[in-house]
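An overview of the molecular structure
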Amino acid sequence: MNAVITRAGFLTSVQDLGRTGFRQFGVSTSGALDSFALRVANLLVGNDEGAAGIEITLGGLQLRFEDERIVAWSGGEFDVQIGSRALPAGHVAHLQGGDELKFGRAQIGCRCWLAISGGIDVPHVLRSRSADLRANFGGLEGRALRDEDVIPLSKWPGSPTPATAISSWSAPHDWVSPARRGPLLRFIRGIDWERFNASTLQRFTSEAFPVSPDSDRMGVRFDGSELKREVETDLISEAVAPGTIQVPPSGKPILLLGDCQTIGGYPKIAHVITVDLGIAAQLRAGDGVRFFEVSLQDAHRLLLERERDLERFRIGLSLQRA
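Not measured: the values here are computed from a predicted model. (Residues numbered from 1 in each chain as written. Predicted model: local features only at pLDDT ≥ 70, side-chain atom pairs only at ≥ 80, totals over all residues. Heavy atoms only, no water.)

**Comments concerning the pairing of strand β4 (residues 62-65)**
We apply this condition: Only protein chains enter the area calculation, which uses a 1.4 Å probe; residues under 20% of their type maximum are buried, those over 50% are exposed, and those in between are partly exposed. Counting from the N terminus, the helices are DSSP H or I runs at least four residues long and the strands are E runs at least two residues long. By the convention used here, strands pair only if DSSP detects at least 2 bridges between them.
The alternating pattern of β4 places Leu63 and Phe65 on a buried face and Gln62 and Arg64 on a face that is not buried. Judged from the 4 bridges that link them, strand β1 (residues 2-7) and β4 form a sheet pairing that is antiparallel. Bridge pairing links Arg7 to Gln62 in β4. When β4 meets strand β8 (residues 100-116), the two strands line up antiparallel, connected through 3 bridges. If you follow Arg64 over to β8, its bridge partner there is Glu100.

Right, dumping it as structure tokens:
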């Protein structure tokens, strides 16, 4: 069966956990900019964690379901409605054929991820269903969704949950609502950290950097203080990845996101840790972002702790459904 897009919103696309294993060929990872948020939403509706869902930017999405489905969403602060009823982040809703789901404008943050039981059944391209909006492949015809698009959904056997029910329980708040006012991003030092003098590094870790409107799924550009190297020499292009913070000749840092290129020749001052990429995915124009250094050991510890907590959550969900 299908979901019908009655209103596509500003920028809405099909995304899963990304296209891994092809960066050596110049293929971007793509995928949900907050892969953890999508994993949690998929678990809530009973999907495999890697099932394709919908990434919504700045809201405005409206879609109607042709058959019975379970849905859940996570991300920024959005007003989400099923008819006249609110569906909060991290809660599970059981919908019937003909029900319509509406996403209002983002109040805090800018993105959210919708999981639908069964998952979205668009073709795999290079082992992923994610839309690469720059290369124009994957997702639905390699593009953002449009009004009146019909989204194919995988078969789903149905559920004994009462019709139109919304769960009273939810996933942990910090997992499904990672957007923050005055966001702080933790980082480890990049390979080119020592190419910057002490005063520049002090500004980087003490000042707030406003997010530029010139930001997208490829990366977040920052305004504010210019970060200048001690010696302006050409560098050999090297591998980059989502989370890398590069400093171009303008001195305005760029935080790379899921659609970023695979190599870059700008100095890499820092790298945002994995557990904070969900916060980075919520940055919108005008947000003032601060950076805080942590050790590589702390970055590993925080990631492992989150994975252990997610495993406990999986167990809890299995008991909830038993």
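**What about helix α1 (residues 35-45)?**
What counts, and what does not: Here, two residues are considered to be in contact whenever any of their heavy atoms come within 4.5 Å of each other.
Most of α1 sits inside the fold, with 10 of its 11 residues counted as buried. By the burial criterion, the buried members of α1 are Phe36, Ala37, Leu38, Arg39, Val40, Ala41, Asn42, Leu43, Leu44 and Val45. Summarising the contacts, the buried residues of α1 are in contact with β2 (11-15), β3 (53-57), β5 (69-82), β8, α2 (173-176) and α5 (296-321). Where α1 terminates, the next one or two residues include Gly46, which has phi positive at roughly 85°.

**Remarks on the packing of α1 against α5**
We apply this condition: Fitting a line to C-alpha atoms yields each axis, with helices limited to the stretch in contact; the angle taken between N-to-C directions then spans 0 to 180 degrees. Oblique is the label for every angle not falling under 35 degrees (roughly parallel), over 145 degrees (roughly antiparallel), or within 65 to 115 degrees (roughly perpendicular). Handedness of a crossing is defined here by the sense of rotation of the near helix relative to the far one, left-handed for an anticlockwise turn of less than a right angle and right-handed for a clockwise turn. Three classes are used, and their members are as follows: Ala, Val, Leu, Ile, Met, Phe, Trp, Tyr, Cys and Pro are nonpolar, Asp, Glu, Lys and Arg are charged, and the others, Gly among them, are polar.
α5 packs onto α1 with a crossing angle of 15° between their chain directions and a minimal axis gap of 10 Å. By the criterion of interaxial angle, the relationship of α1 to α5 is roughly parallel. Of the two elements, α1 crosses α5, and the hand of that crossing is right-handed. Contacts between α1 and α5 involve Phe36, Arg39, Val40, Leu43, Leu44 and Val45 from the first element and Arg306, Glu307, Leu310, Phe313, Arg314, Leu317 and Arg321 from the second. In the contact of α1 with α5, the residues fall into 8 nonpolar, no polar and 5 charged.

**Side note on the state of the cysteines**
Heads up, the condition is: Cysteine sulfur atoms that pair up within 2.5 Å are treated as a disulfide.
Under the criterion given, the structure shown has 0 disulfides. Cysteine Cys112 is unpaired, with the sulfur of Cys110 as its nearest cysteine sulfur at 9.7 Å. With relative accessibility at 0%, the residue Cys112 sits in the buried group. For Cys260, which is in no disulfide, the shortest distance to another cysteine sulfur is to Cys110 and amounts to 17 Å.

**A few points about the pattern of salt bridges**
As a working rule, side chains carrying opposite charge can pair if their charged atoms are close by. To keep things clear, this is the line we draw: Just to be clear on terms, a salt bridge is a Lys or Arg side-chain nitrogen sitting within 4 Å of an Asp or Glu carboxyl oxygen.
As enumerated under the stated definition, the model contains 23 salt bridges in all. Across the salt bridge formed by Arg143 and Glu141, the nearest N and O atoms sit 3.1 Å from each other. By relative accessible area, which is 13% here, Arg143 ends up buried. With its nearest N and O atoms 2.6 Å apart, the salt bridge here joins Asp309 to Arg312. Of this pair, Asp309 and Arg312 both sit in helix α5, 3 residues apart, roughly one helical turn. One network of salt bridges, in which partners are shared, links Arg39, Glu49, Glu307, Glu311 and Arg314.

**Quick word on the nonpolar core**
For clarity, the threshold we go by: Definition of nonpolar core: a set of buried residues of the types Ala, Val, Leu, Ile, Met, Phe, Trp, Tyr and Cys, connected through side-chain atoms within 4.5 Å.
Grouped together as the largest cluster of nonpolar side chains are 47 residues, with contacts concentrated most on Leu63, Leu101 and Leu114. With 30 residues, the next largest nonpolar core counts Phe204, Ala270, Ala281 and Phe291 among its residues.

**Focus: the packing of aromatic side chains**
For clarity, the cut-off: In summary, the pairing rule links any two rings of Phe, Tyr or Trp, Trp by its six-membered ring, whose centres are within 6.5 Å, and it sorts them by plane angle into stacked for under 30 degrees, edge-to-face for over 60 and tilted for everything else.
Per the counting criterion, the structure on display carries 11 aromatic pairs. A connected cluster of aromatic rings, assembled from ring pairs, spans Phe187, Trp193, Phe204, Phe209, Phe222 and Phe291.

**Overview of the sheet that holds strand β15 (residues 254-256)**
The sheet built from 7 strands is open, its strands ordered β11-β18-β10-β17-β14-β15-β12 with mixed pairing. Of all strands in the sheet, those with a lone pairing partner are β11 (209-210) and β12 (219-221), marking the two edges. As defined by bridge partners, strand β14 (residues 244-246) adjoins strand β17 (residues 268-272) across 3 bridges and the pair is classed as antiparallel. Along β17, the bridge assignment pairs Ile245 with Ala270.

**Points about the side chain of Asp34**
Where we set the bar: By the counting scheme adopted, Arg and Lys are positive, Glu and Asp are negative, and His together with the chain ends is not counted. The term polar contact refers here to a pair of N or O atoms within 3.5 Å; inside protein, the definition further demands a hydrogen-donor-capable atom paired with an acceptor-capable atom, and it admits residues adjacent in sequence only when both atoms are side-chain atoms.
Here Asp34 shows up in the loop between β2 and α1. Arg306 provides the closest opposite charge to the buried, unpaired Asp34, separated from it by 5.5 Å. Within the structure, the side chain of Asp34 is placed 3.1 Å from the backbone nitrogen of Ala37, a separation counted as a polar contact. Filtering out sequence-adjacent residues up to four positions away, Asp34 remains in contact with Trp113, Pro178, Gly278 and Ala281.

**Quick look at the side chain of Asp67**
Within the element layout of this structure, Asp67 appears in the loop between β4 and β5. The class for Asp67 is buried, based on a relative accessible area of 17%. Of the polar contacts made by the side chain of Asp67, one reaches the side chain of Arg69; its length is 3.1 Å. With near-sequence residues (within four places) excluded, Asp67 lies in contact with Met1, Leu95, Gln96 and Gly97.

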